[in-house]
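What the coordinates show
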Amino acid sequence: MTPLEFTIGAAYLVSAILFVVGLHLMRAPSTARRGNLVSAGGMAIAVVSTVVTSLLTAGGSPWAWGALILGLAAGGSFGVIRARVVKMTDIPQLVSLFNAVGGGAAAAVAIAAFVLHVNGTTLGPIVTVPIILDVLIGAVTFSGSLIAAGKLQGVIPGKPISFPGARVVNVAAVIVALGAGTLSIMSPHNVVLLLIVLAAALVLGVLMVLPIGGADAPVIVSLLNALTGLAVAMAGFAIDNQAMIIAGALVGAAGTILTLQMAKAMNRSVGSIVLGGFGTGDSKATAGTADQDAANIRQVTADDVAIELAYAQHVMIVPGYGLAAAQAQHEAADLAKLLIDHGIDVTYAIHPVAGRLPGHMNVLLAEANVPYTQMLQLDEANAAFDSCDIALVIGANDVCNPDARKPGNAVSGMPILNVDHAKSVVVLKRSMNPGYAGIPNPLFNDPKTGMYFADARQALDDILIAVKEYVTA
Amino acid sequence: MIETLFSNLAIFVLSLLVGFEVISKIPSTLHTPMMSGANAIHGVIVAGAIVTAALADSPIGYVLTFIAAALAAANVFGGYVVTDRMLQMFRKPTAANAPARKEDPS
């Protein structure tokens, strides 16, 4: 072992430790930002030591280094600009986009490792197997994540897209990809076979995500994130780079855990999501929707809500998808602040899948300056509902459907917020349309529930004005 | 060659186990920044782009280097910046009571 190899090995070890410590620090809001910076430090060490070792051992032509610098500048500035200007409501599609480019980069590195060896030494299966796996997984995540980002952005319709014979094409793409992959492992000089693997995998990624409903897209984003991690680890095997193997495996594990937790909170299995099914995210498109009993409800006005709020002691706000869609997080936070300033205890009950990505609601509220100590997770929130005077549900539906406790319906067994345990409930909603599960919510017919039909943002503004009348008098 | 494979496989499997262990304790409050942060970590593929540059000796190699570098750089820089932007908004109550409300670009 030369001194250079020793130094590089040590540097990679340090960066691996920093990645793990960084992820570890991310588990508490107070240290999370430091955790991200620690992980970025690990990345800097990994990159610098790779540059040094490449320059000292391989050299390379000025053209190649020029192409590298040009690429880094172009991609880096694109990434930084998008990251700085993105609206917090659009975070899910940006995460998906960054995941897509990561998968694409992994595939490109594998193709380069294959092509650049064609004229040199013969590649053994120890190198070709990870290369093929990398191209396969990387290309699937590239095209799949782009489609998922498109669905989240609304460029591609959120409803499941399918065409006759889609399943046949899917199976065909898998067979072609695996067949060409096996062949190119056996004859590691054939670039055409590798390109066939690439093309089949790209098609597969598109076909895998198209039939998935927009509401399920977050789970797919997380699953594809895990797959990109694996693709990067495979690239690490192919070029014998331990920093890439470690980081890729960490992300693969992280993505898998998140995917499982998310699927559980949505009451879906990962398998049924990938195979496509119900869950269009658009209630009107759901076939066979059971109608909610619209006659037996109590409608309330902004003034009614304001009186209840102004004379409450404990208020809980239950934000849902509707709040995120209306971008009403600032209005909700303003209302909460007004109440808090008058001595009323206000907390937010946040379901794990509220918003458009698990934890997305917390980001939106944090953007509106809500301190994280006021954001209650499922268990804490459910303990607090029993002493809650009024629960203000903003654009949430299935996550507070008491029918989840009964067997035999679409939400049975789903972990829910016990909004019905509050003394009084107000639901801000645009209409009586059912949520993503497409079933009625008996909470809305509860005698203690008042329904307020309006856009979340407008409604909160009206309530805020009305509350001011009572609390300042 | 086979020794390298096995030491790499051991590293891979142990890293997976460490990943499962570390991530399973993250609260749902931080799931979105966590996913974004993990996303940034797989931007380490930029190291692969650098290795590719060192090997490239033909026009096709230069093109692949450029593609890999551009995609990887968008992943790694964008990922860390957007994660940091999210996390810097998570405040303690004392900081939130301060009247200063930062300009937000939306």
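**What to know about the overall build of chain A**
- If you tally the helices and strands in chain A, you get 16 helices and 6 strands.
- Taken along its principal axes, the extent of the C-alpha atoms in chain A is 80 × 50 × 35 Å.
- When the 473 residues of chain A are sorted by exposure, 58% land in the buried category.
- Sequence separation of at least 24 residues holds for 77% of the intrachain contacts in chain A that already meet a minimum separation of 6.
- Total accessible area computed for chain A in this model is approximately 18,100 Å², and 65% of it derives from carbon and sulfur atoms.
- Separation between the mean location of the 23 positive side-chain charges and that of the 28 negative ones in chain A comes to 5 Å.

**Structural notes on the domain arrangement of chain A**
All names here are of chain A.
- Splitting chain A by domain gives domain 1 (91-274) and domain 2 (302-472).
- Its C-alpha centre places domain 1 at a distance of 38 Å from the equivalent point of domain 2.
- If you look at the interface, domain 1 gives 13 residues, while domain 2 gives 14 residues.
- In total, domain 1 and domain 2 occlude about 1,100 Å² of area from one another, counting both sides; carbon and sulfur atoms represent 68% of this.
- Taken as a group, Pro 92, Ala 265 and Asn 267 account for 43% of the area that domain 1 buries against domain 2, more than any other trio of residues on that side.

**What to know about the interface of chain A and chain B**
- Contacts between the two partners involve 110 residues from chain A and, on the opposite side, 90 residues from chain B.
- Contact between chain A and chain B buries roughly 8,800 Å² in total, counting both sides, with carbon and sulfur atoms accounting for 76%.
- Of all residues in chain A, Arg27(A), Leu116(A) and Asn369(A) give up the largest surface area on contact with chain B, accounting jointly for 7% of the area buried on that side.
- One can count 1 salt bridge joining chain A with chain B.
- Here Arg33(A) ties to Asp84(B) by a salt bridge, and the two come within 2.8 Å at their closest N and O atoms.
- Linking chain A to chain B there are 17 residue pairs in polar contact (both at pLDDT 80 or more).
- Considered class by class, the residues forming the side of chain A that touches chain B number 71 nonpolar, 32 polar and 7 charged.

**Topic: the layout of surface pockets**
- In this model, the second largest pocket occupies a volume close to 610 Å³.
- Ile8(A), Tyr12(A), Thr53(A), Ile239(A) and Asp240(A) are, among the 21 residues lining the second largest pocket, the residues nearest its centre.
- Secondary structure elements with two or more residues in the lining of the second largest pocket: helix H1 (3-25) and helix H2 (32-58) of chain A together with helix H1 (2-23) and helix H3 (45-55) of chain B.
- Considered class by class, the residues forming the lining of the second largest pocket number 9 nonpolar, 10 polar and 2 charged.

**So, the pattern of salt bridges**
Residues and elements named next belong to chain A.
- With the rule as written, the count across this model stands at 6 salt bridges over all chains.
- With a closest N to O distance of 3.5 Å, Lys 337 and Asp 341 form a salt bridge. Linking Lys 337 with Asp 341, this pair stays in helix H13 (residues 329-341), spanning 4 residues, or about one helical turn.
- The exposed category is assigned to Asp 341, whose relative accessible area is 53%.
- Where Asp 420 meets Arg 405, a salt bridge forms, and the shortest distance between an N and an O atom there is 2.9 Å. Here Asp 420, found in the loop between strand E4 (390-394) and strand E5 (424-429), pairs with Arg 405, found in the loop between E4 and E5; they are 15 residues apart in sequence, far enough to count as distant.
- A relative accessible area of 16% places Asp 420 in the buried class.

**A few points about the side chain of Ser222(A)**
- Position of Ser222(A) among the secondary structure elements: in helix H8 (residues 217-238).
- The buried category is assigned to Ser222(A), whose relative accessible area is 1%.
- The residues contacting Ser222(A), other than those within four sequence positions of it, are Gly255(A), Leu258(A), Thr259(A), Met262(A) and Met35(B).

**Structural notes on the packing of helix H4 (residues 91-115) of chain A against helix H2 (residues 31-41) of chain B**
- One way to put it is that H4(A) packs onto H2(B) with a least axis distance of 10 Å and a crossing angle of 20°. Our classification of the angle between H4(A) and H2(B) gives roughly parallel. Note on packing geometry: the crossing formed by H4(A) with H2(B) is left-handed. Every residue of H2(B) that contacts H4(A) at Ile91(A), Val95(A), Phe98(A) and Asn99(A) is listed here: Thr32(B), Met35(B), Ser36(B) and Asn39(B).
- Looking at side-chain class alone, the contact of H4(A) with H2(B) contains 4 nonpolar, 4 polar and no charged residues.

**Section: unusual backbone geometry**
Residues and elements named next belong to chain A.
- Even without being a glycine, Gln 327 presents a positive backbone phi close to 50°.
- In this structure, Gln 327 sits in the loop between helix H12 (321-326) and H13.
- For Gln 327, a relative accessible area of 26% gives the class partly exposed.

**Notes on the pairing of strand E6 (residues 449-453) of chain A**
Residues and elements named next belong to chain A.
- Counting buried residues along E6, 4 of its 5 residues qualify, which places the element largely inside the surrounding structure.
- As judged from the 5 bridges shared by E5 and E6, these two strands associate in the parallel manner. Bridge pairing in E6 links Leu 428 to Tyr 452.

**Let's talk about the sheet that holds strand E3 (residues 375-376) of chain A**
Residues and elements named next belong to chain A.
- Judged by pairing direction, the sheet is parallel, and its 6 strands sit side by side in the order E3-E2-E1-E4-E5-E6 without closing on themselves. One side of each edge strand has no neighbouring strand; the edge strands of this open sheet are E3 and E6.
- Sheet analysis places E4 next to E5, joined by 5 bridges and oriented parallel. If you follow Leu 392 over to E5, its bridge partner there is Val 426.

**Thoughts on the environment of Ala217(A)**
All names here are of chain A.
- With respect to the helices and strands, Ala 217 occurs in helix H8.
- Owing to a relative accessible area of 3%, Ala 217 belongs among the buried residues under this scheme.
- For the pair Ala 217 and Ser 96, spaced 121 residues apart in sequence, the C-alpha to C-alpha distance is 9.7 Å.

The rules we used
- Residues numbered from 1 in each chain as written.
- Chains lettered and ligands numbered in written order.
- Predicted model: local features only at pLDDT ≥ 70, side-chain atom pairs only at ≥ 80, totals over all residues.
- Heavy atoms only, no water.
- Helix = DSSP H or I, 4+ residues; strand = E, 2+ residues; numbered from the N terminus.
- Buried < 20%, exposed > 50% of the residue type's maximum accessible area, 1.4 Å probe, protein only.
- Contact = heavy atoms within 4.5 Å.
- Areas by Shrake-Rupley, 256 points an atom, 1.4 Å probe, with all protein chains shown as cover.
- Lys, Arg positive; Asp, Glu negative; His and termini not counted.
- Charge placed at Lys NZ, Arg CZ, Asp CG, Glu CD.
- Domains from an automatic or database assignment.
- Buried area = accessible area lost by both parts, 1.4 Å probe.
- Salt bridge = Lys/Arg side-chain N within 4 Å of Asp/Glu carboxyl O.
- Polar contact = N/O pair within 3.5 Å; in protein donor to acceptor, adjacent residues only side chain to side chain.
- Nonpolar A, V, L, I, M, F, W, Y, C, P; charged D, E, K, R; others polar.
- 1 Å grid on protein atoms, 1.4 Å probe; cavity = no way out; pocket = protein on both sides within 12 Å on 5 of 7 lines; lining within 4 Å.
- Points joined across faces, edges and corners; volume = space filled by probe spheres on them.
- Axes fitted to C-alpha atoms, helices over the stretch in contact; angles between N-to-C directions.
- Parallel < 35°, antiparallel > 145°, perpendicular 65-115°, else oblique.
- Left-handed = near helix turned anticlockwise from the far one by under 90°.
- Pairing = 2+ DSSP bridges.

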